[in-house]
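# What the coordinates show
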Amino acid sequence: MAERDVTQPPEYWSLGADALLGALRASAEGLADAEAQRRLERFGRNAIRAKERATPWSLLLNQFRSPLVLILVFAAIVALIVGEWTDASIVLLVVFGSTLLGFAQEYRASNAVEKLRAQITIKSNVLRDGRSVQKPSEQLVPGDVVLLSAGSLVPADGVVLSARDFFVNQAVLTGETFPVEKRAAAVDANAGLAERTNCVFLGTSVGSGTARVLIVETGAATMFGQIADRLSLRPAETEFELGVRRFGNLLTRVISVMTIVVLAANVFLDKPLIDSLLFALALAVGLTPELLPAILSITLAHGAQRMAGRGVIVRRLNAIANLGSMDVLCTDKTGTLTEGVVRLDAALDAQGRAAPEVLRTAYLNAHFQTGLDNPLDAAVDACARERGVSIAEQKIDEIPYDFVRKRLSIVVGAPSGAQSDATQSVAGGSNSGQPKTALLITKGALTHVLDACDRVRWDDADAPLDDAKRAAIEQLYGDWSERGYRVLGVATKHVEGHAATFSRVDEANLTFAGFLLFFDPPKAGVPEVIADLAARGVGLKIITGDNRKVARHVAEAVHLPVDAVLTGPELAAMRDEALWHLAERTTVFAEVDPNQKERIILALRKTGHVVGYMGDGINDAPALHAADVSVSVDNAVDVAKEAADFVLLRTDLSILREGIDEGRITFANTLKYILTSISANFGNMFSMAGASVLLPFLPLLSSQILLNNFLADIPATTIAGDNVDPEWVAAPRRWNATFIRDYMVVFGLVSSLFDYLTFAALLFVFHAAAETFRTGWFIESLLTELVIALVVRTRHPFYRSRPSTLLLAATAAVVAVTLLLPYAPFAETFGFVPLAPALLASIIGITALYVCAAELAKRYFFARARRVF
């Protein structure tokens with residue numbers, strides 16, 4: 001198959017299947033694997049450029065995006081031009097040192113996150129060498145034939161070769177509210193995107209049905225790829241991101257005003273212009289927590305790595321803070337509260353008696369259905385095989401499952417024209433009294449199956465489904481549901497086997513055959529996990545499509561207090577305002593459809609909760625998108641995994657509980673850096689700004705300010721791995737701007753008080769000259785900034801909360817460097833001079849007093865804070 005012969009017609013939707021297959025040099029049975037590899041080399045990976053991984057160069061250049069850094073580099077260049085070689089060189093050296101420090105940490109964090117994300121790969125069922133195999137979607141090429149079913153993400157743009165009740169959600173591209181049916185029929189060459197009913201597009205998802213699709217365009221050539229810049233919008237900000245951004249905006253305004261005022265004041269006082277400019281800009285850099293983006297990346301990456309070690313893969317890093325803030329978790333019951341290993345306990349007739357013929361009929365339905373794999377069909381299949389049930393019938397057609405009908409039908413015919421066992425034993429005679437050649441078997445939610453029936457197999461004979469018989473059936477259903485059984489109904493009807501196609505309208509006038517009883521026992525250890533979540537301030541709610549009796553039984557079995565139960569029909573009749581009030585007080589939501597799940601999530605968020613949702617099915621996608629925290633599992637359908645912020649490697653609430661703890665640890669360590677920056681750092685810089693106006697000389701040289709800032713940042717990079725006090729994990733944590741503002745005022749004032757105490761000691765006790773003053777003030781300001789990090793990292797006395805070994809070691813090392821700097825051979829380059837022992841001892845004593853004062857201020861602050869983190 002020559003590569004040059006492969007062409008992609010520009011208006012491929014207008015071509016017939018044979019013409020398109022010919023143009024692509026493909027077959028309806030798929031490509032050979034070797035040919036697919038050749039095409040992969042030619043066309044490239046099926047990926048959109050917008051999602052390409054950041055390169056080391058891009059990460060390095062990203063460190064220079066800060067306007068303050070660029071301005072500082074510009075000012076240093078100006079200093080070089082006017083001959084201030086030493087100052088300019090030192091400034092540039094420290095700036096590039098800080099930049100490389102941030103780059104190194106962020107590069108390591110980026111690599112770690114990429115490795116974690118690689119564990120969650122979306123795959124597609126593709127025909128290769130005539131066989132259906134699973135391949136990563138990125139390896140698909142033009143000419144591939146993929147098999148799609150409910151829950152599949154469409155992996156590339158293509159044309160439908162064949163389809164059965166195939167509906168696709170394509171609102172992301174066309175804005176259409178409801179799923180659109182796709183058929184195998186060419187359309188006009190001028191058809192718009194929404195009118196191409198024979199095409200599927202990358203980024204859309206399958207709502208129901210099955211299809212065989214020929215891939216035509218991949219990667220950036222797809223419709224999604226062509227408008228990726230517009231579609232790759234930043235996800236909605238988390239509460240933490242919004243808080244950090246607003247905090248940054250506040251700092252920017254404060255820094256801008258202060259820099260201009262300090263520069264103007266120093267120029268007005270006839271101080272050297274270049275020195276004043278460098279001082280003002282260095283002061284701005286000193287005030288800025290410039291490592292905050294890197295610290296956020298590092299802390300979140302560390303958190304993601306720890307969570308991966310516990311079986312939770314993070315797909316969206318910024319959602320980690322939301323996980324720690326979550327106070328309501330909504331989940332289905334299957335696999336989370338129950339074992340998830342469903343077994344078929346019984347196949348019974350309409351009167352509740354054992355009925356092997358019902359099992360065989362259900363087995364035909366489960367065996368031949370080609371939609372989503374599900375545990376109920378697997379349980380039917382396992383039970384039938386265990387009991388030696390065999391199949392000789394042939395499949396004629398299928399009416400796929402959807403979430404409106406809540407049932408699935410299979411049409412089977414007897415082999416070689418003979419009447420099958422199922423036809424003889426279950427259906428009794430023909431519904432119409434005429435001989436038929438095929439049997440339609442419907443299986444699904446009991447009430448939805450009964451709604452399609454007008455007859456029932458009763459006392460081994462067909463009978464009308466009157467009110468009395470229906471009431472008896474529903475009574476049995478209610479009794480079994482209260483005992484925790486999941487109950488499905490089975491119904492049949494003889495049909496003409498030579499009919500061209502069968503559709504939903506054929507699901508009428510059925511004969512009810514019997515029940516299937518499934519049991520999924522409660523999972524061991526779940527009551528303890530629920531209690532642990534409650535102790536952490538996280539309430540659990542069940543949202544399920546099962547009936548209310550089964551849902552209540554499961555909730556009670558795992559010791560989940562059932563305050564109230566709300567059903568789908570009740571929700572449908574309820575206004576949003578009423579749901580807002582009821583959602584908080586309701587523990588179990590039963591018999592709900594996918595859109596109602598989304599309504600419940602939005603109602604809980606409206607009342608101020610941070611809501612998590614855990615789901616693995618296509619019906620969970622709307623709720624996953626609506627939740628603050630979306631969680632899925634590794635074996636979930638593609639559309640659910642793609643919507644999730646977190647993917648659990650096994651379906652287990654206990655590892656989610658551990659993930660919540662990690663989320664809170666990550667939040668805590670991120671906040672520690674912010675609190676450190678707004679305490680001593682702010683106090684020092686504001687004090688320095690005031691001193692620059694009052695003193696006849698600059699209190700610190702620009703190079704000294706930048707060196708101070710650089711050294712203080714070294715321990716800050718280790719905060720990501722710091723130990724966290726138990727109370728940080730004990731309750732949900734949320735961004736609180738008022739808390740941070742008040743913290744900045746209280747601790748900034750304490751820091752400034754000791755700064756001015758240092759100024760007084762240097763000027764009036766030791767009568768320090770400019771160089772001695774700067775050296776002493778440099779040491780005091782850096783020591784206070786280093787030790788305050790150990791104080792504010794805990795609300796307890798600092799000696800009762802042990803920091804991580806790395807943080808403690810980094811702090812001790814920088815303290816030692818700080819004390820030795822004035823005596824180093826290169827001290828004169830930075831403008832430092834040796835200090836008298838008495839002066840150095842006084843600075844250390846002032847620092848110790850500052851620690852005591854900060855401890856007292858911390859006790860005062862937390863005792864009166866309205867919201868304690």
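Residues numbered from 1 in each chain as written. Predicted model: local features only at pLDDT ≥ 70, side-chain atom pairs only at ≥ 80, totals over all residues. Heavy atoms only, no water.

## Things to note about the overall build of the protein chain
When its secondary structure is counted, the protein chain shows 31 helices and 23 strands. Taking all 869 residues of the protein chain together, the buried fraction comes to 56%. When the accessible area of the protein chain is evaluated, it comes to approximately 36,000 Å², of which 57% is carbon and sulfur surface. (Helix = DSSP H or I, 4+ residues; strand = E, 2+ residues; numbered from the N terminus. Buried < 20%, exposed > 50% of the residue type's maximum accessible area, 1.4 Å probe, protein only. Areas by Shrake-Rupley, 256 points an atom, 1.4 Å probe, with all protein chains shown as cover.)

## Comments concerning unusual backbone geometry
Residue aspartate 270 is not a glycine yet carries a positive backbone phi of 65°. Relative to the helices and strands, aspartate 270 is located in the loop between helix H9 (239-268) and helix H10 (273-287). Although it is not a glycine, asparagine 509 adopts a positive phi angle of roughly 55°. Of note, asparagine 509 is situated in the loop between strand S16 (486-495) and strand S17 (510-519).

## Notes on the environment of valine 693
If you trace the backbone, valine 693 turns up in helix H25 (residues 653-694). In the structure, valine 693 is positioned 430 residues away from leucine 263 in sequence and 9.6 Å away in space, judged by C-alpha atoms. Apart from the residues lying within four places of it in its own chain, the contact partners of valine 693 are Ala265, Leu269 and Lys271. (Contact = heavy atoms within 4.5 Å.)

## Some points on the sheet that holds strand S22 (residues 629-633)
Strand order in the open sheet made by the 8 strands is S8-S23-S22-S21-S9-S18-S20-S19, with mixed pairing throughout. With one partner strand each, in any of the chains shown, strand S8 (312-314) and strand S19 (565-567) form the two edges of the open sheet. This sheet shows a mean twist of 20° between the axes of neighbouring strands, independent of strand direction. Here strand S18 (residues 539-543) runs beside strand S20 (residues 588-590); their pairing, made up of 2 bridges, is parallel. Each bridged residue has a counterpart across the sheet, and for isoleucine 542 the counterpart in S20 is valine 588. The strands touched by helix H19 (residues 548-557) are S18, S19 and S20; relative to S20, the strand with the most contacts, the crossing angle is about 150°. (Pairing = 2+ DSSP bridges. Axes fitted to C-alpha atoms, helices over the stretch in contact; angles between N-to-C directions.)

## Here we look at the nonpolar core
By size, the foremost hydrophobic cluster in this structure holds 66 residues, and its most contacted members are Leu337, Ile601 and Phe646. Non-local contacts of isoleucine 601, meaning those with residues more than four positions away in its chain, are made with Cys330, Ile543, Val611, Tyr613, Ala623, Ala626 and Ala627. In terms of nonpolar packing, the next biggest core, distinct from the first, is built from 39 residues, Leu251, Val729, Ile788 and Ala853 among them. (Core = buried A, V, L, I, M, F, W, Y, C linked by side-chain atoms within 4.5 Å.)

## Quick word on the pairing of strand S4 (residues 157-169)
Judged from the 10 bridges that link them, S4 and strand S7 (residues 205-217) form a sheet pairing that is antiparallel. Paired with valine 168 across the two strands is valine 206, which belongs to S7. Bridge count between S4 and strand S6 (residues 199-200): 2 bridges; the pairing is antiparallel. Following the sheet pairing, glycine 158 is matched in S6 by valine 200. Both S4 and strand S5 (residues 180-181) contribute to a ladder of 2 bridges, which runs antiparallel. Within the sheet, the bridge partner assigned to valine 168 lies in S5 and is valine 180.

## Some words on the pattern of salt bridges
For the coordinates displayed, the defined rule picks out 38 salt bridges. Salt-bridge contacts for glutamate 393 lead to arginine 360; the nearest nitrogen and oxygen are separated by 3.0 Å. Residue glutamate 393 is found in the loop between helix H14 (375-386) and strand S11 (394-399), and its partner arginine 360 is found in helix H13 (residues 356-368); the two are separated by 33 residues along the sequence. Between arginine 405 and glutamate 507 there is a salt bridge, with its nearest N and O atoms 2.8 Å apart. Residue arginine 405 is found in the loop between S11 and strand S12 (407-413), and its partner glutamate 507 is found in the loop between S16 and S17; the two are separated by 102 residues along the sequence. (Salt bridge = Lys/Arg side-chain N within 4 Å of Asp/Glu carboxyl O.)

## As for the packing of helix H29 (residues 770-792) against helix H30 (residues 805-820)
Between H29 and H30, the shortest axis-to-axis distance is 10 Å and the interhelical angle comes to 170°. As the angle between them shows, H29 and H30 are arranged roughly antiparallel. Facing H29, whose interface residues are Ile779, Leu782, Leu783, Leu786 and Leu790, H30 presents Leu807, Leu808, Thr811, Val814, Val815, Thr818 and Leu819. (Parallel < 35°, antiparallel > 145°, perpendicular 65-115°, else oblique.)

## A short note on the packing of helix H26 (residues 702-716) against H29
Close contact between H26 and H29 brings their axes to 10 Å; oriented N to C, the two are set at 25°. As far as their axial angle goes, H29 and H26 are roughly parallel. Seen along the crossing, H26 lies across H29 with a hand that is right-handed. Residues Gln704, Leu707, Asn708, Leu711, Ala712 and Pro715 of H26 lie in contact with H29, whose contacting residues are Arg774, Phe778, Ser781, Leu782, Glu785 and Leu786. Of the residues assigned to the contact of H26 with H29, the class counts are 7 nonpolar, 3 polar and 2 charged. (Left-handed = near helix turned anticlockwise from the far one by under 90°. Nonpolar A, V, L, I, M, F, W, Y, C, P; charged D, E, K, R; others polar.)

## As for a nonpolar patch on the surface
A cluster of nonpolar side chains, namely Phe268, Leu269, Val693, Leu694 and Tyr756, defines an oily patch on the protein surface of about 540 Å² accessible area. Relative to the helices and strands, phenylalanine 268 is located in helix H9. (Patch = residues over 30% accessible without salt bridge, like charges linked within 9 Å, V, L, I, M, F, W, Y side chains within 5 Å.)

## Describing the packing of aromatic side chains
Given two aromatic rings, one states the distance between the centres and the angle between the planes to describe the pair. With the rule as written, the count across this model stands at 20 aromatic pairs. Consider the rings of tyrosine 485 and phenylalanine 519, whose centres lie 5.5 Å apart with planes at 55°: the pair is tilted. Within this pair, whereas tyrosine 485 is found in the loop between helix H17 (467-482) and S16, its partner phenylalanine 519 is found in strand S17, the two being separated by 34 residues in sequence. Judged by its relative accessible area of 17%, phenylalanine 519 falls in the buried class. Taking the centre distance of 5.7 Å and the plane angle of 70° together, the rings of phenylalanine 754 and tyrosine 850 count as edge-to-face. Of this pair, phenylalanine 754 sits in helix H28 (residues 737-765) while tyrosine 850 sits in helix H31 (residues 837-864); the two residues are 96 residues apart in sequence, bridging distant segments of the chain. Exposure class is identical for phenylalanine 754 and tyrosine 850. Each is buried. An aromatic cluster of at least three residues, connected via ring pairs, comprises Phe697, Tyr756, Phe759, Phe773 and Trp777. Taking NZ or CZ as reference, arginine 196 lies 3.5 Å from the ring centre of tryptophan 13, over its face. Taking the ring centre of tryptophan 458 as reference, the NZ or CZ of lysine 469 above it sits at 5.8 Å. (Phe/Tyr/Trp six-rings, centres within 6.5 Å; stacked < 30°, edge-to-face > 60°. Lys NZ or Arg CZ within 6 Å of the ring centre and 35° of its normal.)

## Notes on the side chain of arginine 733
Within the secondary structure, arginine 733 sits in the loop between helix H27 (726-729) and H28. No salt bridge forms around the buried arginine 733; measuring N to O, its nearest opposite-charge neighbour glutamate 727 is 7.0 Å away. Within the structure, arginine 733 has its side chain in polar contact with the backbone oxygen of tryptophan 728 (distance 3.0 Å). (Lys, Arg positive; Asp, Glu negative; His and termini not counted. Polar contact = N/O pair within 3.5 Å; in protein donor to acceptor, adjacent residues only side chain to side chain.)

## Notes on the confidence of the model for the protein chain
Across the protein chain, the average pLDDT comes to 83, with 84% of residues at or above 70. For residues 229-234, every residue scores under 50 in pLDDT, and the model assigns this stretch 6 contacts once sequence neighbours within four places are set aside. Predicted confidence for residues 427-435 stays below pLDDT 50, and this span has 18 contacts to residues more than four positions away or in other chains. (pLDDT = per-residue confidence, 0-100.)

## A word on the pairing of strand S3 (residues 145-149)
Here is the key point about a regular strand: its side chains alternate between the two faces of the sheet. Among the 5 residues that make up S3, 4 are buried, leaving the element largely enclosed by the rest of the structure. Strand direction decides the pairing type here: strand S1 (residues 123-128) and S3, joined by 3 bridges, are antiparallel. Each residue of the ladder has a partner; that of asparagine 125, found in S3, is leucine 147. Alignment of S3 against S7, held across 5 bridges, turns out to be antiparallel. Bridge assignment links valine 145 to a residue of S7, and that residue is leucine 214.

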